[in-house]
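Structural characterization, general
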Amino acid sequence: MDHFSLVDGALHCEGVPLAAIAEAVGTPVYVYSTATFERHARVFREGLAPAGDVHLAYAIKANPNLAVLRVLAREGYGADVVSGGELARALAAGIPAKDVVFSGVGKTVGELSTALDVGLGQFNLELEEEGVVLAGLAAARGMRADATLRVNPDVDAGTHAKISTGKRENKFGVPIDQAPAIFARLAGLPGLALRGVAIHIGSQLSELAPLEAAYARIGALVAELRAAGHPIERVDLGGGLGVPYRAGEVFPSPAEYGAMVARVTKGWGVRLMFEPGRVIAGNAGVLLTKVIWVKPGAINPYVIVDAAMNDLARPAMYDAWHDFEAVSPSGARMTANIAGPVCESGDTFAMARDIDTVKSGDLAIFRTAGAYGATMASTYNSRALVPEVLVDGDRFAVVADRILPETILAAERIPDWLKA
Ligand code: LLP
């Protein structure tokens, strides 16, 4: 459920007409709903109630906007970060360092050091050498770093290949058959408090079965590690729960997910941790755009909108579907292609799609753009960096400015030798 709906024939976000945001801020612009973020945060937490006292770390990469993080911090969420930049955002939003988990296959020595210095809650180690280096950095500070070992369970998540992370050929985690030996070596290091294991098998999962299979493997590993004398206190089960992108699609609910988790992890005797991203943010945002032209095509017309692949990369990167709707639909329908102004055929959001009839100058939205939308934007084709707006009831605020091409140009230099 989200809070983007028609009121008197015009799409609103909560109490604000999207047309009013377009008027004030211009287009393209991402629009987020506070109430939807709050609702998703609560539904996910309630879904996991059967699993006991869990730790929830919102995966910042899905939507790292500072105001969004603030909303989720208010909901009691910690954070899963994958870079020094994301760590800085979590702290700036008021998320306590002890509630932050640091994932990622390429944490630098500088990032590990900074995280230690701010009192990070947990490092999810991706390889043995990282653990050895972290232990050394911590020991030099007279500390022990809290950590888990990320394991690759070799399970096919059944999602798009580019967002699948838990197969043995993927770059993430240590192979599950090597995990006991690596765990034993790292557990012996004085600078490390190795408290458990972590997994994350992929994103936009449409079924619970692959998650269940991965969790079962982790359960067996936990038993094996315990038998070897390691006290296992925490298991981080990652993120990955998918969301519907097309009207009518049905996905496992947080309640169904929570029931499965409680069943599979029964008797583990650990604190479970989660890193949800998309399920919290996906349907909490839309990309608001304006139709520039409706260009007759050889087969279907092209609706050329002012948003492009640099603003919303998912269709070009993963052939992803985002529902398209007119802000003031007339009721008439048309079959059209939808594309942006960027000079690549890949800058196409949809082909031969049945959509609300639109004409030049009309406003429209791409739905389910709250996760992996603005954060993946670029300035390709020297376009502006897309702004973000947060709605709360009947008020709204620009929570990320439109960064203009002039500003980006001003950060570039012509070296002396090219000046004359
Ligand atoms: N934890 C780790 C270690 C992750 O790598 C990810 C996502 C998450 C948690 C959150 O997963 P979620 O709950 O959002 O599925 N750009 C792609 C998605 C990339 C996901 C990367 N890792 C997309 O637009 O579909």
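Scoring rules and cut-offs
Residues numbered from 1 in each chain as written. Predicted model: local features only at pLDDT ≥ 70, side-chain atom pairs only at ≥ 80, totals over all residues. Heavy atoms only, no water. Near = heavy atom within 4 Å. Polar contact = N/O pair within 3.5 Å; in protein donor to acceptor, adjacent residues only side chain to side chain. Areas by Shrake-Rupley, 256 points an atom, 1.4 Å probe, with all protein chains shown as cover. Salt bridge = Lys/Arg side-chain N within 4 Å of Asp/Glu carboxyl O. Helix = DSSP H or I, 4+ residues; strand = E, 2+ residues; numbered from the N terminus. Buried < 20%, exposed > 50% of the residue type's maximum accessible area, 1.4 Å probe, protein only. Core = buried A, V, L, I, M, F, W, Y, C linked by side-chain atoms within 4.5 Å. Domains from an automatic or database assignment. Contact = heavy atoms within 4.5 Å. Axes fitted to C-alpha atoms, helices over the stretch in contact; angles between N-to-C directions. Parallel < 35°, antiparallel > 145°, perpendicular 65-115°, else oblique. Left-handed = near helix turned anticlockwise from the far one by under 90°. Nonpolar A, V, L, I, M, F, W, Y, C, P; charged D, E, K, R; others polar. Buried area = accessible area lost by both parts, 1.4 Å probe. UniProt positions renumbered as here; feature names shortened; annotations may be inferred. Pairing = 2+ DSSP bridges.

Thoughts on the site of the ligand
In the neighbourhood of the ligand, 19 residues make up the surrounding shell, with Ser 203, Glu 275, Arg 278, Arg 314 and Tyr 372 lying closest. Contact distances for the ligand include 2.6 Å between a nitrogen atom and a side-chain N or O atom of Glu 275. For the ligand, a nitrogen atom lies 2.8 Å from a polar atom in the side chain of Tyr 318. For the ligand, the accessible surface in isolation is 590 Å², of which the surrounding protein chains cover 92%.

Comments concerning the pattern of salt bridges
Under the criterion given, the structure shown has 21 salt bridges. Between Glu 233 and Arg 195 there is a salt bridge, and its shortest N-O distance comes to 3.2 Å. Linking Glu 233 in the loop between helix H8 (209-227) and strand E12 (234-236) with Arg 195 in strand E11 (residues 192-198), this pair joins segments that are 38 residues apart in sequence. You can call Glu 233 partly exposed: its relative accessible area is 37%. The exposure class assigned to Arg 195 is partly exposed, which follows from its relative accessible area of 21%. Among the ionic pairs, Glu 212 bridges to Arg 263, the shortest N-O distance being 2.9 Å. Placement of the pair is Glu 212 in helix H8 and Arg 263 in helix H9 (residues 254-264), with a sequence separation of 51 residues. Because the salt bridges share partners, they merge into one network encompassing Asp 2, Glu 325 and Arg 367.

Things to note about the nonpolar core
In terms of nonpolar packing, the biggest core is built from 103 residues, with Phe 123, Tyr 215 and Tyr 257 touching the most fellow members. When residues in this core are grouped by element, the largest group, seven residues, is from H8. When residues of this core are sorted by domain, at least three fall in each of domain 1 (4-32 + 282-410) and domain 2 (34-280). Once you skip the residues sitting within four places of it in the chain, Phe 123 turns out to touch Phe 102, Leu 112, Ala 115, Leu 116, Leu 134, Ala 145, Asp 146, Ala 147 and Thr 148. In this structure, Ile 21, Val 31, Val 286 and Val 389 belong to the second largest nonpolar core, which totals 17 residues.

A word on the packing of helix H5 (residues 109-118) against helix H6 (residues 128-140)
Two elements in contact, H5 and H6, have axes whose closest approach is 10 Å; the angle formed by their N-to-C orientations is 45 degrees. Taken together, the axes of H5 and H6 are oblique relative to one another. The crossing of H5 and H6 is right-handed. For the pair formed by H5 and H6, the contact residues are Val 109, Leu 112, Ser 113 and Leu 116 on the first element and Glu 130, Val 133, Leu 134, Leu 137 and Ala 138 on the second. Split into classes, the residues belonging to the contact of H5 with H6 amount to seven nonpolar, one polar and one charged.

Looking at the domain arrangement of the chain
When cut into domains, the chain gives domain 1 (4-32 + 282-410) and domain 2 (34-280). The gap between the C-alpha centroids of domain 1 and domain 2 is 32 Å. Contact residues are listed per partner, giving 23 residues for domain 1 and 24 residues for domain 2. For the domain 1 face of the interface with domain 2, the top three residues by lost area are Tyr 318, Trp 321 and Tyr 372, together amounting to 27%. At the junction of domain 1 with domain 2, the criterion picks out zero salt bridges. If you list the elements that add at least two residues to the side of domain 1 that touches domain 2, you get helix H11 (314-318), strand E20 (388-392) and strand E21 (395-400). Of all the elements, E20 adds the most residues to the side of domain 1 that touches domain 2, at four residues.

A closer look at the UniProt feature "binding site: substrate" (unreviewed entry) in the chain
UniProt records the feature "binding site: substrate" (unreviewed entry) for Arg 278, Arg 314, Tyr 318, Glu 344 and Tyr 372 in the present numbering. In three dimensions, the annotated residues from a span of 95 residues occupy distinct locations, with a maximal C-alpha spread of 27.5 Å. Locating Tyr 318 in the fold gives a position in helix H11. If we skip the residues at most four places from it in the chain, Tyr 318 touches His 160, Lys 162, Ile 163 and Met 376. Counting through the fold element by element, Glu 344 comes out in the loop between strand E17 (333-339) and strand E18 (348-356). In this view, Glu 344 contacts Met 309 and Tyr 380; residues no more than four positions away in its chain are not counted.

Side note on the UniProt feature "modified residue: N6-(pyridoxal phosphate)lysine" (unreviewed entry) in the chain
UniProt records the feature "modified residue: N6-(pyridoxal phosphate)lysine" (unreviewed entry) for Lys 61 in the present numbering. As for its position among the elements, Lys 61 is in the loop between strand E5 (55-59) and helix H3 (66-74). Non-local contacts of Lys 61, meaning those with residues more than four positions away in its chain, are made with Asp 80, Val 82, Glu 86, Tyr 372 and Thr 375.

Some points on unusual backbone geometry
A cis geometry characterises the amide bond from Thr 27 onward to Pro 28, with omega recorded as -10 degrees. In this structure, Pro 28 sits in the loop between helix H1 (18-25) and strand E4 (29-33). Of note, the phi angle at Glu 14 is positive, near 50 degrees, even though the residue is not glycine. With respect to the element layout, Glu 14 can be found in the loop between strand E2 (10-13) and strand E3 (16-17). Judged by its relative accessible area of 18%, Glu 14 falls in the buried class. In this structure, Ser 382 is a non-glycine residue whose phi angle is positive, near 50 degrees. By secondary structure assignment, the location of Ser 382 is in the loop between strand E19 (363-366) and E20.

Remarks on the sheet that holds strand E1 (residues 4-7)
Taken in spatial order, the three strands line up as E1-E2-E3 in an open sheet, and their pairing is antiparallel. For this open sheet the edge positions go to E1 and E3, each flanked by a neighbour on one side alone. Where E2 meets E3, two bridges bridge the pair, whose relative direction is antiparallel. The residue of E3 that forms the bridge with His 12 is Pro 17.

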